[in-house]
Amino acid sequence: MTRDRMILLLQAEYETRRVHNLAVYEERVNETCDACPGLRTLIDRRRSVLMEGIRSAFYPEEGGVGAAAGVTNATHLERMNDQIKVLLHKNGLSPQALDPVYTCTRCRDEGYVYDEANHRSMCDCFETELNRRMLGELGLAGDHTFENFNPDVFDKDAPSPVSQRQMMLRNRDLCERYADAFPGGEYSDLLFIGQSGLGKTYLMHAVALRVAARGVHVEYISAFKLLEITRRAYFENNPGLLNTLITVPLLLIDDLGTEPLMENITVTQLFNLLNERLNQNRHTVISTNLTIPELKARYTERVTSRLLDESRCRLLKFIGDDVRPMLKKRNA
């Protein structure tokens, strides 16, 4: 499902939420009025005064009242609000008994907020939920989080200067700092290098989920799917297909090197994508099973210079044996 389609579905859900909360509010008002004689009359009068004030603001010539009437109207409303509070207190009811019901008080369940210039932007609640669902659509495992990371699945013995477990703990900590500092931090990009089954994809998911939880737009894509999109853009002469991949704040490309090499497409389009994201100061996380010499041989020095730019990118190495057989045995 596309992001635009997901936005439309979420907007429909917010509308349903508003209708539901309005019904809850009206039921609460009715119950409060039943328990508080005279309250209904005051509420109706207050509504009439409020509507008259709105009407006068839009059509001042009808009443010929101008600013003076606005002051009078506001004073009247304040006096009626005080009367309502007194009546509620007299009947042992909370002053909040007549407050509107919102799931999100910031956007009032519209999903959008407006600045002083009336520019509309997504509310944090809407954007966070949108990104959570989009990550689900992208195939990210919801349990692949930093909180669920289990170092015990990695070998603690050290055939090299550090053990597989020590290396993974370092990688986990670095990835968590990267996600928490996003879009700040020391590095804009991360490059995961290591064989299959060593935890690269798990940590990519964890980074994506942590960043998206703050409402940031994240795109996660396999190298094979990336090639499909770039191939379509090339043959259909439609560079717009790449817009999201170029502009998304955080792009994660998994399994670089597993996609077919297509002349004038794979290498050229990968370079263009990385170069555009670099120019726009976007953040990119890439995983690959290839070694650095293999990356240079497959993608040329021009591409790997973008991947290995030490001023922007932190290289994380993944070592040891594939942990998937042990995990399968443990879960059997």
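Everything in this summary refers to the structure shown in the same document. (Residues numbered from 1 in each chain as written. Predicted model: local features only at pLDDT ≥ 70, side-chain atom pairs only at ≥ 80, totals over all residues. Heavy atoms only, no water.)

Here we look at the overall build of the chain
Consideration 1: Within the chain one finds 12 helices and seven strands.
Consideration 2: Taking 332 residues into account, the globule formula puts the C-alpha radius of gyration at 20 Å, and the chain, at 29 Å, lies well above it.
Consideration 3: Based on the C-alpha atoms only, the size of the chain along its principal axes is roughly 80 × 50 × 35 Å.
Consideration 4: Counting over 332 residues, the chain shows a buried share of 39%.
Consideration 5: Total accessible area on the chain is roughly 18,900 Å²; 51% of this is exposed by carbon and sulfur atoms.
Consideration 6: Each charge class in the chain can be summarised by its mean position, and for the 42 positive and 46 negative side chains these summaries are 2 Å apart. (Helix = DSSP H or I, 4+ residues; strand = E, 2+ residues; numbered from the N terminus. Rg over C-alpha atoms; globule rule 2.2 N^0.38 Å. Buried < 20%, exposed > 50% of the residue type's maximum accessible area, 1.4 Å probe, protein only. Areas by Shrake-Rupley, 256 points an atom, 1.4 Å probe, with all protein chains shown as cover. Lys, Arg positive; Asp, Glu negative; His and termini not counted. Charge placed at Lys NZ, Arg CZ, Asp CG, Glu CD.)

Structural notes on the pattern of salt bridges
Consideration 1: Counted by the stated rule, this structure contains 15 salt bridges.
Consideration 2: One salt bridge in this structure joins Arg18 and Glu15, with 2.2 Å as the shortest N-O distance. Remark: Glu15 and Arg18 occur in helix H1 (residues 3–34); sequence separation between them is three residues, near one turn of the helix.
Consideration 3: Judged by its relative accessible area of 27%, Arg18 falls in the partly exposed class.
Consideration 4: Between Glu236 and Arg232 there is a salt bridge; the shortest N-O distance is 3.3 Å.
Consideration 5: When its relative accessible area of 45% is taken as the criterion, Glu236 is described as partly exposed.
Consideration 6: Residue Arg232 is classed as partly exposed on the basis of its relative accessible area, which comes to 41%.
Consideration 7: In the salt-bridge network here, residues are joined through shared partners; they are Glu147, Glu176, Asp180 and Arg210. (Salt bridge = Lys/Arg side-chain N within 4 Å of Asp/Glu carboxyl O.)

Re the nonpolar core
Consideration 1: Ranked by size, the top nonpolar core spans 31 residues in total, and within it Phe192, Leu203, Val207, Leu250 and Leu252 carry the most contacts.
Consideration 2: Of all elements in the fold, only helix H6 (164–181), strand E3 (189–193), helix H7 (200–212), strand E4 (218–222) and strand E5 (250–256) reach the threshold of two or more residues within this core.
Consideration 3: With eight residues, the top contributor of residues to this core is H7.
Consideration 4: Setting aside residues up to four positions removed in sequence, Phe192 forms contacts with Cys175, Lys200, Leu203, Met204, Val285, Ile286, Ser287, Thr288, Leu316 and Phe318. (Core = buried A, V, L, I, M, F, W, Y, C linked by side-chain atoms within 4.5 Å. Contact = heavy atoms within 4.5 Å.)

Topic: unusual backbone geometry
Consideration 1: Across the junction of Phe182 and Pro183, the peptide omega takes the value 5°, indicating a cis bond.
Consideration 2: Tracing the backbone through its elements, the reader meets Pro183 in the loop between H6 and E3.
Consideration 3: Positive phi, normally seen in glycine, also occurs at Asn281, with a value near 60°.
Consideration 4: With respect to the helices, strands and loops of the structure, Asn281 is situated in the loop between helix H10 (266–279) and strand E6 (283–288).

Regarding the sheet that holds E5
Consideration 1: Strand order across the open sheet formed by five strands is E4-E5-E6-E3-E7, with parallel pairing between neighbours. Looking at the sheet topology across the chains shown, the edges are occupied by E4 and strand E7 (313–317). Taking the axes of each pair of neighbouring strands and ignoring which way they run, one obtains an average angle of 10° across the sheet.
Consideration 2: Here E3 runs beside E7; their pairing, made up of five bridges, is parallel. When the sheet's bridge partners are listed, Ile193 is paired in E7 with Lys317.
Consideration 3: The strands touched by H6 are E3, E5, E6 and E7; relative to E7, the strand with the most contacts, the crossing angle is about 155°.
Consideration 4: In the packing of helix H8 (residues 223–235) onto the sheet, the strands contacted are E4 and E5, and the crossing angle to E4 comes to about 95°. (Pairing = 2+ DSSP bridges. Axes fitted to C-alpha atoms, helices over the stretch in contact; angles between N-to-C directions.)

Overview of the packing of aromatic side chains
Consideration 1: Counted under the stated rule, the structure contains seven aromatic pairs.
Consideration 2: Between Phe149 and Tyr202 the ring centres are 6.1 Å apart and the planes differ by 70°, which places this aromatic pair in the edge-to-face class. Of this pair, Phe149 sits in the loop between helix H5 (124–137) and H6 while Tyr202 is found in helix H7, placing the two residues 53 residues apart along the sequence. Here the two residues Phe149 and Tyr202 agree in accessibility, since each one is buried.
Consideration 3: In this structure an aromatic cluster arises from ring pairing among Tyr14, Tyr112 and Phe126.
Consideration 4: Seen from the ring of Tyr14, Arg17 lies directly overhead, with NZ or CZ sitting 4.3 Å from the centre.
Consideration 5: Against the face of Phe271 rests Arg302, its NZ or CZ located 3.7 Å from the ring centre. (Phe/Tyr/Trp six-rings, centres within 6.5 Å; stacked < 30°, edge-to-face > 60°. Lys NZ or Arg CZ within 6 Å of the ring centre and 35° of its normal.)

A few points about the side chain of Thr145
Consideration 1: Turning to its location among the elements, Thr145 is positioned in the loop between H5 and H6.
Consideration 2: Look at Thr145 and you get buried, because its relative accessible area is 16%.
Consideration 3: Each residue touching Thr145, except ones within four places of it in the same chain, is listed here: Tyr202, Ala206 and Leu209.

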